[in-house]
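# Examining the three-dimensional arrangement
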Amino acid sequence: MTGRMHHDVWDVCVVGTGMGGGTVGYALARAGFRVVFVEMGQNLEGPESLVGKCSEDFLDSKHDFSQTFLRAGRYAKKIFLQTSWGRKPYFTPVIGSGVGGSSSLYGAVLERFSEEEMPENLWPDPARRLDPWYAQAESLFKVNASRLEQDLPLVEREVFQSLRDQNYTPYVLPLAVADVQTCYGCQGHLCPKNCKNHAGNVCVEPAVKNDQAQLRAGWTVVKLLTDGSRVVGAFCRRENGETEIIKARLFILAAGALETPALLLRSVSKSSPNGLANRSGLVGKNLMRHLVTLYLMRSKTGSVLCKGVGLNFETGTIRANLQSFGRMPPLRMALFEISEMFEQFLLKLLSPFYTVVRFFLEKFYQFRAEDCFVLALVGQDRPSLENRVQIGGSGTSPRAGVPPQDLVLYYKVSPDDQRAFLGHEKIVDGLLKKFRPMKVRQIHENRRIAHVCGTCKMGENPQTSVVDPWNKCHDVDNLYIVDASYFPTSGCHGPSLTIAANALRVAKKIISDH
């Protein structure tokens, strides 16, 4: 995937190549627009890419983790957590960075949001009418919806039948996988067989190969440049210090619900002293990430590779989804996360005990985690102005001491959301009682942000939202946002298909308007 051309002014500059950016760029390139994709991660097609295993499995020493993660399609920047007690712990999230974004690492489940997950009082009407765009996205990503209960592994068939015997209606998850029968279940890492359909191989690669598109991988957009009401350029920098200003008529942000608001907040100017497109003051706020609890069950037939069984239910007006989690993350991923915690808080006092912790974790994986079936309970969380992502700051701000290129995240589960989710847990505890699962609660674990959304909220009122019903920024004439940042609510399913369907909807609008 190398560019074949250069233009002084492109028709469209797309920042990010995940489900939003890849899909909208593909659709526009197919329509004849000259598109340039700017991706801060690497082009993951080359022989240097690390495939088939999670990035932690490739680490020789912890000191080289950044380059190793990037070669494996992983985000390699630290994110700091803002706390009420002063210290800012950091973590490295399990999200994607590279061509395809997080979709190159996802478990390939592509599900539609229900109408209840997009309430009409929060989602503008045009954005709720996604059925035709869902159908197009399912066709584009070749979603396999033909699997039946009998096609599932034995342990999943047992869970499926048990749920049905308790008067629930389980279903088989739709997968964007070329051949489910031979799929290895590459969740959390790059697929070695390229059978997982994601934004990189479905959208970006064909757009660059067959249409008027170019890819700039390894370039970070540092700041958007404006003339007041329009973006006129994207100031970009490579790791080696090389810089370039990319000019275009339209700019589309799709760097994810963390990096997109961060870019807007860094793009300050005289006309936008609080950040670009931030007249409402909502850029970075209303962050949602889903609430999750895992249920681990021993499987006599080994680990389940592909995700198979799903179940929707609700308590009151709050919906939840129970579905196969796929393969357990490898031991070295858990050890890497623990080592980050020891490094920050416990190094001086308790570092000798890291060996003990590692020993017991290894025993746990041998006994329970390596050959187990895992279900994930996913609950929706509701938007709150207090939950947010910001850029590092200086002086006396709560973000003082964090470099401006890094991110600071604050998130606290509301009492109402916690109460609703614990109600979901109680239901699932009863449904799975016969399987005697081990429950791993993640509800307060802010390191789990794979489904982060909501940080550039959509709405009709410029005072209470960042983008309009067609994903155009209220304050900027030629700037769109098409990643999960625009979500007014989080739903209880993975966001990938909704992002892709909406990107096709926005592309159609841009084509008709321009």
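Throughout what follows, the structure given in this document is the object of discussion. Computed from a prediction, not measured in an experiment: that's the story for all the values here. (Residues numbered from 1 in each chain as written. Predicted model: local features only at pLDDT ≥ 70, side-chain atom pairs only at ≥ 80, totals over all residues. Heavy atoms only, no water.)

### Re the overall build of the protein chain
Along its length, the protein chain carries 11 helices and 18 strands. For the protein chain, buried positions account for 56% of its 514 residues. The contacts of the protein chain with a sequence gap of at least 6 include a subset with a gap of at least 24, amounting to 72%. Looking at the protein chain as shown, the accessible area adds up to about 21700 Å², and 52% of this sits on carbon and sulfur atoms. (Helix = DSSP H or I, 4+ residues; strand = E, 2+ residues; numbered from the N terminus. Buried < 20%, exposed > 50% of the residue type's maximum accessible area, 1.4 Å probe, protein only. Contact = heavy atoms within 4.5 Å. Areas by Shrake-Rupley, 256 points an atom, 1.4 Å probe, with all protein chains shown as cover.)

### What about the sheet that holds strand β11 (residues 291-298)?
Spatially, β5-β12-β13-β14-β11-β17 is the arrangement adopted by the 6 strands of the open sheet, whose pairing is antiparallel. Bordering the open sheet on either side are β5 (171-172) and β17 (438-441), each of which pairs with just one other strand. Lying on the sheet, helix α10 (residues 415-431) is in contact with β11, β12 (309-315), β13 (318-324), β14 (372-379) and β17; it crosses β12 at an angle near 130°. (Pairing = 2+ DSSP bridges. Axes fitted to C-alpha atoms, helices over the stretch in contact; angles between N-to-C directions.)

### Quick notes on the pairing of β14
Among the 8 residues that make up β14, 8 are buried, leaving the element largely enclosed by the rest of the structure. What you see with β14 is no split at all: C372, V374, A376 and V378 on one side and F373, L375, L377 and G379 on the other are buried throughout. When β11 meets β14, the two strands line up antiparallel, connected through 8 bridges. Each residue of the ladder has a partner; that of Y295, found in β14, is L375. With 5 bridges joining them, β13 and β14 adopt antiparallel strand pairing. Across the sheet, S324 pairs through a bridge with L375, a residue of β14.

### Observations regarding the pattern of salt bridges
A complete count under the given rule lists 19 salt bridges for this structure. Between R319 and E314 there is a salt bridge; the shortest N-O distance is 3.1 Å. Given a relative accessible area of 42%, E314 falls into the partly exposed group. (Salt bridge = Lys/Arg side-chain N within 4 Å of Asp/Glu carboxyl O.)

### A few points about helix α7 (residues 256-266)
A large share of α7 lies buried, amounting to 10 of its 11 residues. Among all positions in α7, only A257, L258, E259, T260, P261, A262, L263, L264, L265 and R266 are buried.

### Considerations on unusual backbone geometry
Backbone geometry at A108 places phi at a positive 70°, although glycine is not the residue there. Mapped onto the secondary structure, A108 falls in the loop between β4 (90-91) and α3 (125-128).

### A word on the side chain of E259
Position of E259 relative to the elements: it lies in helix α7. Here the side chain of E259 touches Y75 through a polar contact of 2.6 Å, side chain to side chain. When residues no more than four places from it in sequence are discounted, the contact partners of E259 are M40, Y75, K77, R266 and L407. (Polar contact = N/O pair within 3.5 Å; in protein donor to acceptor, adjacent residues only side chain to side chain.)

### Brief notes about the packing of aromatic side chains
Pairs of aromatic rings are described using the distance from one ring centre to the other and the angle between the two planes. Scanning the model with the defined rule gives 7 aromatic pairs in all. With a centroid separation of 5.2 Å and 85° between ring planes, the pair formed by F65 and F69 is classed as edge-to-face. Of the two residues, F65 and F69 both sit in helix α2 (residues 65-71), 4 residues apart, roughly one turn of that helix. With relative accessibility at 9%, the residue F65 sits in the buried group. The class of F69 is buried, set by a relative accessible area of 0%. With centroids separated by 6.0 Å and ring planes inclined at 80°, the aromatic side chains of W123 and Y486 adopt a geometry described as edge-to-face. Taken together, the residues span a long stretch of sequence, with W123 in the loop between β4 and α3 and Y486 in the loop between β18 (479-481) and α11 (496-513) at a distance of 363 residues. Of the two residues, W123 and Y486, neither departs from the other in class, the shared state being buried. Taken together, the aromatic side chains of F113, W123, Y486 and F487 make up a single cluster linked through ring pairs. The ring of W470 is capped by K509, whose NZ or CZ atom sits 5.1 Å from the centre of that ring. (Phe/Tyr/Trp six-rings, centres within 6.5 Å; stacked < 30°, edge-to-face > 60°. Lys NZ or Arg CZ within 6 Å of the ring centre and 35° of its normal.)

### A word on the sheet that holds strand β16 (residues 407-410)
Pairing is mixed in the open sheet, where 4 strands are placed in the order β4-β3-β16-β15. Each of the sheet's edge strands pairs with one partner strand only, and the pair in question is β4 and β15 (388-391). Here β15 pairs with β16 via 4 bridges, running antiparallel. Bridged to R388 within β16 is Y410. Packed on one face of the sheet, α7 meets β3 (79-81), β15 and β16 and runs near 45° to β15.

### Topic: helix α4 (residues 131-140)
Every buried residue of α4 is listed here: W133, Y134, A137 and L140. Viewed end-on, α4 has its buried residues packed into an arc of 125°, placing them on one side of the element. Pointing more than 90 degrees away from the buried face of α4 are the exposed residues D131 and S139. Those residues of α4 hidden inside the fold are in contact with α1 (19-30), α6 (199-210) and α11. At the C-terminal side of α4, K142 shows a positive phi close to 55°. (Arc of directions from axis to C-beta.)

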